[in-house]
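What the coordinates show
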Amino acid sequence: MTTGSTSSDQARPEPAAAPGSAPEATPDPLPDALRLQARNSAALWTATGRSRGHRVVRRRGFVAVDGDERAGLRVLVQEPDLGPDEVAEASELVRRAVGPALVEDPFSSTDLSHLGLRGRQMPVMTRPPGPVGAPALDVIRVRRPEDLQAAERIVIEGFDLTGFTPHRPGELFPRALIEQPGVAVHLALRDGVPAGAALSVVDAGVGSHYWVGTSAAFRSRGVGRAVMLGSLAPLAHLPVTLTASKLGRPLYESLGYTVAAPSTWWASPAT
């Protein structure tokens, strides 16, 4: 299983709803869930950009991390009412990106089709504070460089991040990233072998998950559930959000997550 926001998640999102159609949503247990997800995603990508030495652009309505030809550009929409100047600046960043461009809009309120980007939808999901079961596998918080590289390989493989191949250790997950406040990477082990990975971020009293992935050799063997439970346990006292892929949604629902609303991700053809 591969899923996430993220980031990071390059998850396989669903096609965007037709303009003017009413997106499916269930009652939201977490007030202002979309804005909280937007803020948390911005916290992750700001930490990632700084760890990689990439330029971070902050505006009222969006945060952008402008990377190199492999990392590309990530734009995180922060408000549902971007002004014309903000749309113009974000559009120019996309046009000038030296790598693939991806724009996350949890509010699904900004039309970027004029840039030739493909719009896709994935649900923002939320989970209130509550008990978390024990994982069936060993799940560790990554501290050692070799474990971080193992998590990095799993995510690159699981999300088919061809832009990060061949693998350059520390490029996707720099060592400095797990030293950033609130950022944690977890690794699930099956018989001592790294099998699954997940990244979590705590910011402003809210947690979120990204890059939840399983190695191809261990799929359909409970690894995704284990790494989610292991990484969710330290966040059990917090409200938690995430953006889910189609494959990941059933797992998250079984762990107590509910859909708040669809988010729209705009991606360049290379993404």
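For the structure, check the block above.
Note that the structure is predicted; figures quoted are calculated from it, not measured.

This paragraph deals with the pairing of strand β3 (residues 55-58). Judged from the 4 bridges that link them, β3 and strand β4 (residues 62-66) form a sheet pairing that is antiparallel. Pairing of Val-57 across the sheet is with Ala-64, part of β4. Hairpin connection of β3 to β4: 3 residues between the antiparallel strands.

Glancing now at the environment of Pro-123. Note that Pro-123 resides in strand β7 (residues 118-127). Judged by relative accessible area, Pro-123 falls into the buried class, the value being 14%. For the pair Pro-123 and Thr-264, spaced 141 residues apart in sequence, the C-alpha separation works out to 8.6 Å.

Tallied over the full model, the rule gives 3 aromatic pairs. Ring centres 6.4 Å apart and planes at 70 degrees place the aromatic pair Trp-45 and Trp-211 in the edge-to-face group. Within this pair, whereas Trp-45 is found in helix α1 (residues 33-52), its partner Trp-211 is found in strand β11 (residues 206-214), the two being separated by 166 residues in sequence. Trp-211 shares its class with Trp-45; the two are buried. Taken together through their ring pairs, the aromatic side chains of Trp-45, Phe-159 and Trp-211 make up a single cluster.

Rules of the game
Residues numbered from 1 in each chain as written. Predicted model: local features only at pLDDT ≥ 70, side-chain atom pairs only at ≥ 80, totals over all residues. Heavy atoms only, no water. Pairing = 2+ DSSP bridges. Helix = DSSP H or I, 4+ residues; strand = E, 2+ residues; numbered from the N terminus. Buried < 20%, exposed > 50% of the residue type's maximum accessible area, 1.4 Å probe, protein only. Phe/Tyr/Trp six-rings, centres within 6.5 Å; stacked < 30°, edge-to-face > 60°.

Just distances and angles here, no functional claims.
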